[in-house]
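Observations on the three-dimensional arrangement
The lines below spell out each chain.
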Amino acid sequence: QDKVAIVTGASRGIGEAISRGFVAEGARVVGVARSAGVLEALARDLAAAGAGGRFVPRVADVTSAAAAREVVRETLERWGRIDILVNNAGVGHFAPVAELDEAAWDEMMAVNLKAPFLWSQAVLPHMMERRDGHIIMISSVAGTTTFVNGAGYCASKWGLMALADTLRQEVRPYELRVTAVCPGSVQTHFGGTPPRDYSLRPEDVAHTVLEVAAAPRRVVYGTVIVRPLVPADRQ
Ligand code: NJP
């Protein structure tokens, strides 16, 4: 599929898997993250696998509104359109409310909640004008429930669910799609916590993203919850 996507948090984990998945399908991807060396290594790897030029690494902090606008402008200049925005970048800090650092709280709100707002806002004028486009939020089951030590993370993801739900209603007249993908625990280095026995692989979440993006244009997946079925040692 000859689609153009922007994927935030593309340097590792789920964002890397989503980028690889799109590129393997023939799409073109701008992959955003702060780690220049890792992004460039990914670009080289994909180029060596025959996808030369279809993955463009872009170093940026997703919490910057100016960076969001600039990446959208560059992408439109390079490829003429943006079909998909995947708001995937995220951070997790887990501690009881009594001990959670203010800086940790602020970072989760900035990366997990404000950044998806900024990047969606940056891409919306183009998508609304074209009356085509899909914004995919990588949320979490933490956006549908709560757990001890997860107050800040859950609050950021509940906020993201509210953003996704509201935006879906607002852009419906323009025939744009908004999907929130909510995985359970995934085998990445996220939040510095070791993966649980039952956990998904990054490519499982990428598979879901590719599926929802491939739905017929008349269809929108709203909230998609993805859970592991068998323990990691049996996968
Ligand atoms: O995390 P990780 P995942 N500006 O730590 C980037 C959600 N989720 O892939 O900037 C720009 O491997 C960072 O890049 P870098 C989770 O909430 C996960 O597991 O180079 N980029 C890296 O590419 C999140 O929304 C689990 O450090 C920034 C990426 O984000 C999404 O899945 C379960 C940035 C993080 O890679 C991806 O998480 C679940 C910034 N300021 C939901 N800050 C799970 N793993 O268990 C971070 O339900 N990044």
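Our structure's up above, just so we're on the same page.
Let us look at the structure shown here. Everything numeric in this text was worked out from a predicted model, so none of it was measured.

Conventions and cut-offs
- Numbering of residues begins from 1 in every chain and follows the order in which that chain's sequence is written.
- Per-residue local features are limited, in this predicted model, to residues with pLDDT of at least 70; the limit for side-chain atom pairs, both in listing and counting, is 80 or more; totals at the level of whole chains, interfaces and linings are taken over all residues.
- Working from all heavy atoms in the structure, the side-chain values ignore hydrogens and water.
- Being near a molecule or strand, for a residue, comes down to having at least one heavy atom within 4 Å of it.
- Nitrogen and oxygen atoms within 3.5 Å of one another constitute a polar contact, given that in protein one can donate a hydrogen and the other can accept it, and given that sequence-neighbouring residues count only through two side-chain atoms.
- Shrake-Rupley sampling with a 1.4 Å probe provides the accessible areas, and residues are treated as covered by the protein chains on show and by no other component.
- Labels follow the DSSP assignment, with helices taken as runs of H or I lasting at least four residues and strands as runs of E lasting at least two, numbered in each case from the N terminus.
- Each residue is placed in one exposure class: buried if its accessible area under a 1.4 Å probe, protein chains only, is under 20% of its type's maximum, exposed if it is over 50%, and partly exposed if it falls in between.
- Pairs of strands are assigned from DSSP output, requiring at least two bridges between the strands.
- With the strands aimed away from the viewer, a crossover counts as right-handed if its path from the first strand over the helix to the second runs clockwise.

**Description of the site of the ligand**
Taken together, 29 residues surround the ligand, and among them Arg34, Ser35, Ser140, Pro183 and Thr188 come closest. Residue Gly9 places a main-chain N or O atom 3.1 Å away from an oxygen atom belonging to the ligand. Contacts to the ligand include Arg12, whose side-chain N or O atom sits 3.2 Å from an oxygen atom. Across the complex, the protein chains shield 96% of the 890 Å² of accessible surface that the ligand would expose by itself. Contributions of two or more residues to the shell around the ligand are made by helix H1 (13–24) and helix H5 (151–171).

**Examining the environment of Gly26**
Within the secondary structure layout, Gly26 lies in the loop between H1 and strand S2 (28–33). Gly26 sits in the partly exposed class, given a relative accessible area of 25%. When the C-alpha positions of Gly26 and Arg234 are compared, they lie 31 Å apart, and in sequence the two are 208 residues distant.

**With respect to the pairing of strand S4 (residues 84–87)**
Side chains Ile84 and Val86 project from S4 onto one buried face, and the interleaved Leu85 and Asn87 project onto a second face that is buried too. The pairing of S4 with strand S5 (residues 134–138) spans four bridges and is parallel. Within S5, the residue paired with Ile84 across the bridge is His134. The parallel pair S4 and S5 is bridged by helix H4 (residues 102–130), and the resulting crossover is right-handed.

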